[in-house]
Amino acid sequence: MAVRSPQDIYARHVSSSRGYPMWTPEPSSQLLSYRPEGLRIGDVGVVVPENGNFDVFFNICQPKDHPFHQATGVPDGFSPIELTDADIKTVPNVESAGQVLTASSVTRVGGDRAFGSCELPARFGQSGATGYKFNLSSNEGAVLILPEGAERHDVRDPQPFFEQASRHAATWYHFAEENLGRIISHDSIYVITGFHKARSWGLAGYQNEHGNGDFSAQFIVGAREGGNLATGYTWETTQNMDWRVGPFDGLGIPNQSVFIRGFKIALRSDVQGVPQRWVSFQPSHPTGRSNRRTSSGDSWLSNVWKGISKTIGGSNEGADRSAGSHSREDVGVRIEIQRIPEILPVFHPSDAINQYILQKEPSAKVAIIHDNVWGSILDKSLLRPEELVQDELLTKAVSERYNIVLREGVAYLQSKSLDTSVDATTDDIITTEAQIHHPESLSIVSESNYRCGDGSAEESMASESRPTDLQRLQSIPSKFAAASGPASSESLRPIKIIVISDYTCGFCYVCDKILRDAIEACRDLPIHFDVEFRPFTLVNSSTLPNNQVVYRNAYVAKKYGKEPAEMKLKALNEFAQKAGLKVADDSILCGTMQAHRLSAKAYQDGGQALQNEFNSFIFDACLARGANLSDEDVLVDASASVGLMNKEEATQFLRSTECLDCVEKMLQAARVQGINGVPFVIIDGKWAVNGLQPKECFIQIFRKLAQLPASPTVPAKSKAEHGLEVQ
């Protein structure tokens, strides 16, 4: 008899752009003994079909001698990715207290207003009862309630995770099956790159096979025990329904992973050749409370595990393996499996996409997809949530937006909206056509992985969220805007472009040239451009070794590993050549604050024309000629060459603090808005292009904007007595 697990039903109805939902959000007891915070970014494992918990095999961001690895071991070729707190972006209250997420078949019909409006009583001392009431229709559905909200964590640069998965996919499956004794399907391994974590939760799922009509359910918050809010949670329902509440560990910390995000890895069945022989039966008692009801009254797990006998000691000599009876001996315990009822595969959108990739690319041995791909399809309303479970519709939406790319036996997706050089293995690339029709809202209209991120431990992030109101950046600093060059004719629509980049970034160098070419190609349009370069610092000069030059190639190899670094540098050279630029074989990494100060001065005194001339000179000096931008003489010569200042004036400027405060505030403004990589181009205050993109991407945006009314402009202010004023 085939059995559907609660995780399957729950995932079909709660999966969203937030990620993949977990029926068992709490960490396993084994995991808690090593780390109270539960799941970590870099965890490699599987979602257990039977109970919806995440089974961690190892973590690719922890050292080999970590206590958890000493207990489980690590696969061959294990090489940890260095990860610091600065490499993870966090949104503290991404889900507000009392958030309710439901399937379309679930309707909220009542509930306490205070409970639903983030006005929960303090964690210690609540009494009485409150909650929500729902009507449930259709044959199945699900609900997730977050009484105390949730926070979001994501790795800033998922590319190293993708590279590890590409190189070691087969080894990881072999390790799971042979070393850990797991029986897993060859499309189940997950690499966690992000999650939503909560302090408490209530969830429910139902399947009405007999179609007995609508029924109701109520989530109740009552008195608590020992200060633990979840002890007062329960569900009441007029029909049988599966539900859980939790946690009950009493820790009071956000360690409950209600959603996970990451790379799903599918291995073609003939690659590994590992017989799926053994099962490791290590029951982990959940810390949440649940109620499993079926029409027969039997628990779901009892139905699944019928036919399993557990024997202490003894021998297994003479077992008839050909008849389907297998056993594995551990210390003092042996489990004999005579028959397990078939458990239907648990739904996961990435599985359908990976299977589609392998079918379309027969020579691929591995397919890898990130949850952001299908999450973005939902987020951009290209599919309705209820259509996500229909493989044909999902793969059709994917095929319309992506091409399949094969690299050394590994297949992944590449956006059709871009050149053949930008892939979509991590962050989804949002097409201009999908977003340009919504000028009233901010849109990241295009993204790519070809950018430089800070990702350094020494950088302090004031906020880790993706930009939600880049119009604030449009107005910083307002006095810069006052010096943007000659006024345009009233018949031309003005388009303000803010380019956030750094001089040591090769992709920024290429982006600057591509953007200029795109503007030149649109001279026939009834628009005029005001382009402003704004600073970003990839390297903190205070952390560089004294009197020692740091070269780009060695730095990138240390940060990403040799093979990923070679790929990035090869891509940079190809992009540069296509744009008509020459990049030196290597360049010097250094602090660029002084260069950014001069750039700000150029825009203040000569508008975009002088700043553009200065930027071109500095980019060429650093990336084409290998000059050291921390050398004062290099910057003085640059200032004199473009007519910004003579050498004496430039020297005095560099030894002063003029424009320093303004540059620092612009850097902080970008970081507060979540900009953690460059190039980042803001167009008209509403659209953003993240990462290196082809010229056609910008041209498409400009042609669309030429047809729209002008955006409101921020009134300019006069110069302050000392430097530039920042809003």
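**What about the side chain of Glu151?**
- Following the sequence through the fold, Glu151 ends up in strand β9 (residues 150–155).
- Among the polar contacts listed, one links the side chain of Glu151 to the side chain of His153, at a separation of 2.7 Å.
- Discounting residues that sit within four places of it in the chain, Glu151 has contacts with Val91, Pro92, Val94, Phe195, His196, Lys197 and Pro254.

**Description of the pairing of strand β10 (residues 189–198)**
- Extensive coverage of β10 is indicated by the burial of 10 of its 10 residues.
- In this structure, β9 lies alongside β10, joined through four bridges in antiparallel fashion. By the bridge assignment, His153 is partnered in β10 with Phe195.
- Strand direction decides the pairing type here: β10 and strand β15 (residues 256–267), joined by nine bridges, are antiparallel. In the strand pairing of β15, Gly194 is matched with Arg261.

**Quick look at the pattern of salt bridges**
- Going through the model one piece at a time under the given rule, you end up with 26 salt bridges.
- With a shortest N-O distance of 3.0 Å, Glu386 and Arg384 are connected by a salt bridge.
- Glu386 gets classed as partly exposed once you look at its relative accessible area, which sits at 37%.
- Between Asp605 and Lys601 there is a salt bridge, with the nearest N and O atoms lying 3.4 Å from each other.

**Observations regarding the nonpolar core**
- Ile497, Phe698 and Phe702 are the most contacted members of the largest nonpolar core, which has 80 residues in total.
- In terms of residues, this core owes the most to one element, helix α17 (residues 593–624), which gives 11 residues.
- Apart from residues no more than four positions distant in its own chain, Phe702 is found in contact with Ile497, Leu515, Ala518, Ile519, Cys522, Leu525, Ile527, Phe529 and Ile683.

Rules behind the numbers
- Here the residue index of a chain counts from 1 through its sequence in written order.
- pLDDT decides what is reported in this predicted model: residues at 70 or higher carry local features, side-chain atom pairs at 80 or more are listed and counted, and totals for whole chains, interfaces and linings draw on all residues regardless.
- To get the side-chain values, all heavy atoms of the structure are used, and hydrogens and water are removed first.
- Under the scheme used here, helices are H or I runs from DSSP no shorter than 4 residues and strands are E runs no shorter than 2 residues, and both carry numbers assigned from the N terminus.
- For this analysis, a polar contact is any N or O atom pair within 3.5 Å, provided that within protein one partner can donate a hydrogen and the other can accept it, and provided that sequence-adjacent residues contribute only side-chain to side-chain pairs.
- Pairs of residues are marked as contacts when any of their non-hydrogen atoms sit within 4.5 Å.
- With a 1.4 Å probe rolled over the protein chains alone, any residue whose accessible area is under 20% of its type maximum counts as buried; one over 50% counts as exposed, and the rest are partly exposed.
- Two strands are said to pair when DSSP picks up at least two bridges between them.
- The rule for a salt bridge is simple: a side-chain nitrogen of Lys or Arg has to be within 4 Å of a carboxyl oxygen of Asp or Glu.
- Each nonpolar core is a collection of buried residues, namely Ala, Val, Leu, Ile, Met, Phe, Trp, Tyr and Cys, held together in the definition by side-chain atoms within 4.5 Å.

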